[in-house]
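Structural overview
One-letter residues, chain by chain:
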Amino acid sequence: MARKRLLIEMGMGTDLRGQDYTKAAVRALKDALWHNSVSIAPALGYERESMEVDVEIGVADPDAVDRQLVADVLPYGRARVNVVKGGLDIVNRESGNTTVMANAVAVVYLDIDEQARDGEPA
């Protein structure tokens, strides 16, 4: 079996008034995922649940993100969520409110049986 990168999707999400980094991160991952239907696993003869999805989130305050809530966005597959310093905090000087911007990337992997793929019995 060989772990193969099959797909990469990127997205952006915001929380306009609540300064909620998890909400912005969840919206960023949804933005990355909800514009397509990932059908590559079944097309290759694998269950969708066998996909491994590495999610990386960039926000100004990484410790403020609930990684499990971000992972729960995925409809199938096994998630690994890493949160790093990034994104953007946009301060409204008049109101004092901060808009939080998060960036997300989701990379989908499958363990591919090389022999089966080449037409040989596994």
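Residues numbered from 1 in each chain as written. Predicted model: local features only at pLDDT ≥ 70, side-chain atom pairs only at ≥ 80, totals over all residues. Heavy atoms only, no water.

1. A short note on the packing of aromatic side chains
According to the stated counting rule, one finds zero aromatic pairs in the structure shown. Here the basic side chain of arginine 3 rests over the ring of tyrosine 109, its NZ or CZ set 3.6 Å away from the ring centre. (Phe/Tyr/Trp six-rings, centres within 6.5 Å; stacked < 30°, edge-to-face > 60°. Lys NZ or Arg CZ within 6 Å of the ring centre and 35° of its normal.)

2. Here we look at the side chain of threonine 98
Mapping threonine 98 onto the fold places it in strand 5 (residues 98-112). Excluding its chain neighbours within four sequence positions, the residues that come into contact with threonine 98 are Asp15, Leu16, Arg17, Gln19, Asp89, Ile90 and Val91. (Helix = DSSP H or I, 4+ residues; strand = E, 2+ residues; numbered from the N terminus. Contact = heavy atoms within 4.5 Å.)

3. Things to note about the pattern of salt bridges
For the structure shown, the criterion picks out five salt bridges. A salt bridge links aspartate 54 to arginine 3; the shortest N-O distance between them is 3.2 Å. In this pair, aspartate 54 sits in strand 2 (residues 52-59) while arginine 3 sits in strand 1 (residues 2-15), placing the two residues 51 residues apart along the sequence. The class of aspartate 54 is partly exposed, set by a relative accessible area of 21%. A salt bridge links aspartate 54 to arginine 80; the nearest nitrogen and oxygen atoms lie 2.8 Å apart. Placement of the pair is aspartate 54 in strand 2 and arginine 80 in strand 3 (residues 78-85), with a sequence separation of 26 residues. On the basis of relative accessible area, arginine 80 is assigned to the partly exposed category, the value being 45%. Sharing partners across several salt bridges, the network here consists of Arg3, Glu52, Asp54, Arg78 and Arg80. (Salt bridge = Lys/Arg side-chain N within 4 Å of Asp/Glu carboxyl O. Buried < 20%, exposed > 50% of the residue type's maximum accessible area, 1.4 Å probe, protein only.)

4. A closer look at the pairing of strand 4 (residues 88-91)
Across four bridges, strand 4 lies against strand 5 in antiparallel orientation. Residue isoleucine 90 lies in a different strand from strand 5, and its bridge partner there is threonine 99. In textbook terms, the turn of a hairpin is the stretch between consecutive antiparallel strands, and for strand 4 and strand 5 this stretch comprises six residues, one of which, glycine 96, has a positive phi near 85°. (Pairing = 2+ DSSP bridges.)

5. Topic: the nonpolar core
Membership of the largest hydrophobic core comes to 29 residues, with the highest contact counts inside it found for Leu29, Val55, Ile57, Val59, Val65 and Val70. Secondary-structure elements contributing two or more residues to this core are helix 1 (21-33), strand 2, helix 3 (67-71), strand 3 and strand 5. In this view, valine 70 contacts Ala25, Val26, Leu29, Val55, Ile57, Val65 and Val81; residues no more than four positions away in its chain are not counted. (Core = buried A, V, L, I, M, F, W, Y, C linked by side-chain atoms within 4.5 Å.)

6. Here we look at unusual backbone geometry
The backbone of glutamine 19 shows a phi angle near 50°, a positive value even though the residue is not glycine. Take glutamine 19: it is sitting in the loop between strand 1 and helix 1. Using a relative accessible area of 38% as the deciding quantity, one classes glutamine 19 as partly exposed.

7. Details of the environment of alanine 2
Note that alanine 2 resides in strand 1. In this structure, the C-alpha to C-alpha distance between alanine 2 and glutamate 49, residues 47 residues apart in sequence, is 17 Å. If sequence neighbours within four positions are ignored, alanine 2 has contacts with Leu110, Asp111, Ile112 and Glu114.

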